[in-house]
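Read off the chains here:
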Amino acid sequence: MTMVVPEVARAPLAAARATSDPQPPEAVSGAAWLAIGAVASKGAQTLVLLVFAAVLSPDAFGVISLGAVLLNVTTVLADLGTSTALVHFRGDAERAARTALTIALTVGCVLVLLVWLAAPGFADALQAGDLGTGVFRGIVLCVPFAAVAGVSGELLRRALDFRRRVLPDIAGNVVGAAVTIGALAVGEGAFSLVYGQVVQAIVVLLLFWAVRRPVRPGWSRADATTLVGYGAGLAGSGLLTLLMLNVDYVLVANRLGVHDLGAYSMAFRVAYMPYLLIAMVVGGAVFAHLCRLRGTAVWRATVDAARVLHAFVVPAYVGVIVLAPQLQLLGERWAAAVPALRWLAAYGLALSALELLLVALKAVGRTSDVLGLGALHVGMLLVLLGIYVDSGVTAVAVVQFAAGVATLAAAVVVTTSRLPGTEWGSLLRRLAPVAAAAAAMAAAGLALQRVLPWAQVSAPGLVLVALFSAATYASTLFLLERGRRPQTAQVRPLRVPSVHLPSVHVPEVRRSGRGRAPRIPGDARRVAVYGAVAVACAGAGALAVGSPYATLLGLVAVAAVGAAILRVEWAAMAYVAAEPFGDLLRDVHPDAIKVMGALLFVSWLVRVVQDPRLSLSHHGLHAVGALVLAVLASFVLHGADLAVGLDHTVTYASYALVVVVLVDTIRRGRPDPLAFGRCLAVAFALSCTAAGVIASVGFLAHGGRAGGPLSDPNDLAFFMIAALPMLLVVRRRSVATTVLLMGCAAVLVVTTFATFSRGALLGLAVMAVVAVLLGAVRLTTAVSLGVVAAVVLGALWLTHGDVVSRSLEEKDHIAAANVDTRLTTATMAAEMTVASPLVGQGPGGFAASRAEFAPAGTSHVDQTVAHQMYLDVSSELGLLGLGAFLAILAYGVRGALRARTAPERRPLANATLIAFAGVLVAACFLSEQLYLPVWLLVALGIALEPALRPRRT
């Protein structure tokens, strides 16, 4: 199982000093003791892991892996973060500790009861059987003991008494490992983990009470409010980390079974060990030092720490990759885990590099960035796992590596904007010798295995290849570093019991030009550019000879993609213009809209790299993040249908990202933010007009209800009413412009009528009233538009009377049935919300759970949505998701209302408010939360809000 080792608490500084003074003795000593505790803990767990792997089958190994996941989650939840909050409590910590103990004990006992009741269903869902039920019920008994012990441990941490804080954990891990191995020796199997963990929890609690006076239960409402208010965020962050570490276990167990989970778990644990024993320890030791630095000194110290970290962690992971076949020494049954182990080793290397960047961000107070990067990591992991988990454990390992590299790239971008003086060239130069030595190590180890085949899977071969590879690495690194001028002074090791931990030294800033990255001469750069262009032209010419039209189309596509990437404004307009044609584009290619969204995101990342000063300080965007977390929690905790749930989760996350990108792009739009906002609105309106023309022509040709580029007429109507007010932002400078706008408006209105969507027609009427009340449209203009639409509708009736009459008869025929059906689905959605009020039935859960909640006497309900956006959200995401969703809408409306105070913003703000009025009313009859109009209006409202307070630094 994964044990969480708390970090060193940051002591308040007397004054902010941009110095590189060494750490205070307490901080260094505390980091050293925590490092000792981490090594002892992981050493004991590694021993138990190896014994389990040698004795148990993969099925049993998978069950104990699930038990460890359950223990980690319940332990984080047990005290709601209140124990850790004691470290930062301002007041009588001894009094507050009594309240924290009461909370921890109460919540821990409640969790035990819940797990005991839910264990059979949980085990069945994860294919763990009766063995899983017993292990889950036994392992959760540790939670109350660990929660009570945590209160005493955090009080010792607050007092900076790290020696007494760590010793009970060390002793408990040793005793627990001994009990586990002993139980395994007498044939207890997977239940050995339960016995060992329960004994370990009791021993740790008793030892804490021995080194410190026990805390008695008590209660103070004020203390509880303060502790929970601070600790809830810590618990949420801890759960997000656990989700990242364990969601793959859950999905592998659910989709592949415990046998494959056992193989994957073994590979993951082996690959994760260097990260825990090296990266986490170095990060924890360096964190206290970075907290004392300011300015560019933080980056310089980070570079020094990265050099130390990678000098140890890189050869460790290269060794894992080279020696991966040796895993079969534990039995041939582990052969399937070898490819996964190699990919997970690469993932661990990326995670180790990421760890130091996260430590640096935490040291400068950017904990929100750390949380955001964690959410990004989890989101990508969920999406990719949902797509590829059925391909086997090796595919899951590849997904882990891809998500880790992508998160590392995002962390590089964030670090560049948050840490002053960031210079990646200096870091790469410091790491170049390590990379070269690691390459030599890999080549030597693989070559020796090829020359001596018997060494691939044998104990003597393991020792021989490991020693030879390590010697190659050390000698190569020594030769590369030889003759280089040392960039750090000699450091004196800190002497603590049984360990030597070097303190981090930050060198003085060098003002000379020495050490800068060598510049490529201008002539060489020009030759490289001209050569690349010549090669590209030659290749295009060769292709054009055989396929001229395909080559021309490809060049046009490349030019369009390049232009969109270079100008995020163009990519944004292309995306909103493509959405009304979603189903039509999916017929061309299923991922067409996804490609457009990915292009927008890539283009935005290019802009962020060019200018990292993001403009995302708004509570509405915090609500967007809260909704994404609610969706993820609902999917993980209550996802009924993994395929449909994953699709809905990805859609929610995609639109949340679209809101973030559009808000930042509008606020920093070029050449003028307001002008770009108007262009975006007009692009959406014109695209919807074109879609309306196609839908109207199809309606006149075939009858029925107008659908056109969108297969569902209700969805098309939603786009039409959202686009109509956007025509108001166009300045009517001539009669021709006015006539054109009236024509576009008539098309949008007529198409809305042709869809026969009653919710959209009601929203259209509300929009007309709101437009007149806001003064955005004169009453005469509204009447004129109505007359034009009536004339067009009358002309259509006269010329295509049979089509219109037939469509009306069809609509009347199903209207009565629709009323009853929608009343039924609304009732079902309400009952689903009551059944699971917090997290709902999971994304896509309405369709998956409709049979369970169908009214008595109803054999089958065909509808997969509630046809009521708000009930749909509450039934699938619970009240937490609904609250976040309504908050997003409220912030969008508020932003547009406040923007009306600025005359130059008023036209676009009025258009946004009018569109909001229509879509929010229409949403009472339609389920449109997974379509662009709502999210586009939210982005416009948030981006338009003026006079935002600058963030405090």
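Rules of the game
- Residues numbered from 1 in each chain as written.
- Predicted model: local features only at pLDDT ≥ 70, side-chain atom pairs only at ≥ 80, totals over all residues.
- Heavy atoms only, no water.
- UniProt positions renumbered as here; feature names shortened; annotations may be inferred.
- Helix = DSSP H or I, 4+ residues; strand = E, 2+ residues; numbered from the N terminus.
- Buried < 20%, exposed > 50% of the residue type's maximum accessible area, 1.4 Å probe, protein only.
- Contact = heavy atoms within 4.5 Å.
- Areas by Shrake-Rupley, 256 points an atom, 1.4 Å probe, with all protein chains shown as cover.
- Salt bridge = Lys/Arg side-chain N within 4 Å of Asp/Glu carboxyl O.
- Core = buried A, V, L, I, M, F, W, Y, C linked by side-chain atoms within 4.5 Å.
- Phe/Tyr/Trp six-rings, centres within 6.5 Å; stacked < 30°, edge-to-face > 60°.
- Axes fitted to C-alpha atoms, helices over the stretch in contact; angles between N-to-C directions.
- Left-handed = near helix turned anticlockwise from the far one by under 90°.
- Nonpolar A, V, L, I, M, F, W, Y, C, P; charged D, E, K, R; others polar.
- Expected span 1.5 Å × (residues − 1).
- Patch = residues over 30% accessible without salt bridge, like charges linked within 9 Å, V, L, I, M, F, W, Y side chains within 5 Å.
- Polar contact = N/O pair within 3.5 Å; in protein donor to acceptor, adjacent residues only side chain to side chain.
- Parallel < 35°, antiparallel > 145°, perpendicular 65-115°, else oblique.

Within an unreviewed UniProt entry, the label attached to the protein chain reads O-antigen ligase-related domain-containing protein, and the organism entered is Nocardioides panacisoli. We quote the UniProt Subcellular location (unreviewed entry) comment for the protein chain here in full: "Cell membrane". Database annotation for the protein chain, UniProt heading Sequence similarities (unreviewed entry): "Belongs to the polysaccharide synthase family."

(A) Structural context of the overall build of the protein chain. In terms of regular secondary structure, the protein chain is built from 33 helices and two strands. A total of 953 residues make up the protein chain; the buried ones form 49% of that total. Residue pairs at least 24 apart in sequence account for 80% of intrachain contacts in the protein chain once pairs closer than 6 positions are excluded. Here the protein chain has roughly 42200 Å² of accessible surface; of this, 67% comes from carbon and sulfur atoms.

(B) Looking closely at the pattern of salt bridges. If you walk through the whole model with that rule in mind, you get seven salt bridges. We note a salt bridge from Arg212 to Glu94, for which the minimum N-O separation is 2.2 Å. Placement of the pair is Arg212 in the loop between α8 (191-211) and α9 (221-256) and Glu94 in helix α4 (residues 93-125), with a sequence separation of 118 residues. The class for Glu94 is partly exposed, based on a relative accessible area of 35%. Its salt-bridge partner being Arg430, residue Asp304 comes within 3.0 Å of it at the nearest N-O pair. Taken together, the positions of Asp304 in helix α11 (residues 296-322) and Arg430 in helix α15 (residues 424-451) put the pair 126 residues apart, joining distant regions of the chain.

(C) Expanded view of the nonpolar core. In terms of nonpolar packing, the biggest core is built from 120 residues, with Phe52 and Leu344 touching the most fellow members. In terms of residue count, the dominant contributor to this core is helix α12 (residues 337-363) (16 residues). Leaving out residues up to four positions away in the same chain, Phe52 has contacts with Phe61, Ile64, Thr180, Leu184, Gly189, Ser192 and Leu193. Among the nonpolar cores identified, the runner-up in size contains 94 residues, and Phe699, Phe885, Ala923 and Ala939 belong to it.

(D) How the structure looks around the packing of aromatic side chains. Under the definition given, this model contains ten aromatic pairs. Ring geometry for Tyr272 against Tyr275: centres 5.1 Å apart, planes inclined by 45°, an arrangement best described as tilted. Of this pair, Tyr272 and Tyr275 are both found in helix α10 (residues 258-291), three residues apart, which corresponds to roughly one turn of the helix. Classification of Tyr275 by relative accessible area gives buried; the value is 7%. Judged by centre distance (6.0 Å) and plane angle (5°), the ring pair of Tyr655 and Trp935 falls under stacked. With a gap of 280 residues between them, Tyr655 in helix α23 (residues 642-667) and Trp935 in helix α33 (residues 932-944) connect regions that are remote in the sequence. The exposure class assigned to Tyr655 is buried, which follows from its relative accessible area of 8%. Members of the aromatic cluster, joined through ring pairs, are Tyr264, Phe268, Tyr272 and Tyr275.

(E) Geometry of the environment of Ala722. Mapped onto the elements of the fold, Ala722 is located in helix α25 (residues 713-723). Classification of Ala722 as buried rests on a relative accessible area of 1%. Between the alpha carbons of Ala722 and Met767 there is a distance of 9.6 Å; along the sequence they are 45 residues apart. Every residue in contact with Ala722, bar those within four places of it in the chain, is listed here: Phe684, Ala915, Val919 and Pro933.

(F) Region of the structure containing the packing of helix α26 (residues 735-755) against helix α27 (residues 758-774). Remark: α26 packs on α27, axes separated minimally by 8 Å, with the N-to-C direction vectors making an angle of 145°. The element α26 and its partner α27 pack so that their crossing is left-handed. The residues of α27 that touch α26, namely those facing Val749, Thr752 and Phe753, are Ala760, Leu761 and Leu764. Here the contact of α26 with α27 is built from residues that sort into five nonpolar, one polar and no charged.

(G) Quick look at α12. Here α12 spans 37 Å end to end across 27 residues, near enough to the 39 Å set by a 1.5 Å rise per residue. Counting buried positions along α12 gives 22 out of 27 residues, so the element sits mostly inside the fold.

(H) Layout of a nonpolar patch on the surface. Taken together, Phe145, Ile202, Leu206 and Trp209 make up a surface patch of nonpolar side chains, about 330 Å² in accessible area. In terms of residue count, α8 provides more of the nonpolar patch than any other element does, three residues in total. For Trp209, a relative accessible area of 34% gives the class partly exposed.

(I) Molecular detail of helix α32 (residues 906-922). Compared with the 24 Å implied by 1.5 Å per residue over 17 residues, the 24 Å span of α32 between its first and last C-alpha is a close match. Most of α32 is tucked away, with 13 of its 17 residues classed as buried.

(J) Representation of the environment of Tyr655. Separated by 280 residues in sequence, Tyr655 and Trp935 have C-alpha atoms that sit 6.7 Å apart. Here Tyr655 is in contact with Tyr575, Glu579, Leu930, Tyr931, Leu932 and Trp935, once residues within four sequence places are set aside. Here Glu579 takes part through its side chain, which lies 3.2 Å from a polar atom of the side chain of Tyr655. A polar contact is formed between the side chain of Tyr655 and the backbone nitrogen of Leu932, at a distance of 3.5 Å.

(K) A look at the packing of α4 against helix α5 (residues 129-139). Contact geometry of α4 with α5 gives a least axis separation of 8 Å together with a crossing angle of 155°. Here α4 is positioned roughly antiparallel relative to α5, judged by the angle of their axes. The two elements α4 and α5 cross, and the hand of that crossing is right-handed. Of the residues in α5, those touching α4 at Val115, Trp116, Ala119, Pro120, Phe122 and Ala123 are Gly129, Gly132, Thr133, Phe136 and Arg137. The residue makeup of the contact of α4 with α5, split by class, is seven nonpolar, three polar and one charged.

(L) Structural context of the side chain of Asp664. Residue placement: Asp664 occurs in helix α23. When its relative accessible area of 1% is taken as the criterion, Asp664 is described as buried. A polar side-chain atom of Asp664 sits 2.8 Å from a polar atom in the side chain of Arg668. Contact partners of Asp664, with chain neighbours within four places excluded, come to Trp604, Leu614, Ser615 and Leu616.

(M) Structural view of the environment of Gly153. In this fold, Gly153 is placed in helix α6 (residues 142-158). Linking Gly153 and Leu205, residues 52 residues apart in sequence, is a C-alpha distance of 9.3 Å. Aside from chain neighbours lying at most four places away, what touches Gly153 is Arg165 and Phe208.

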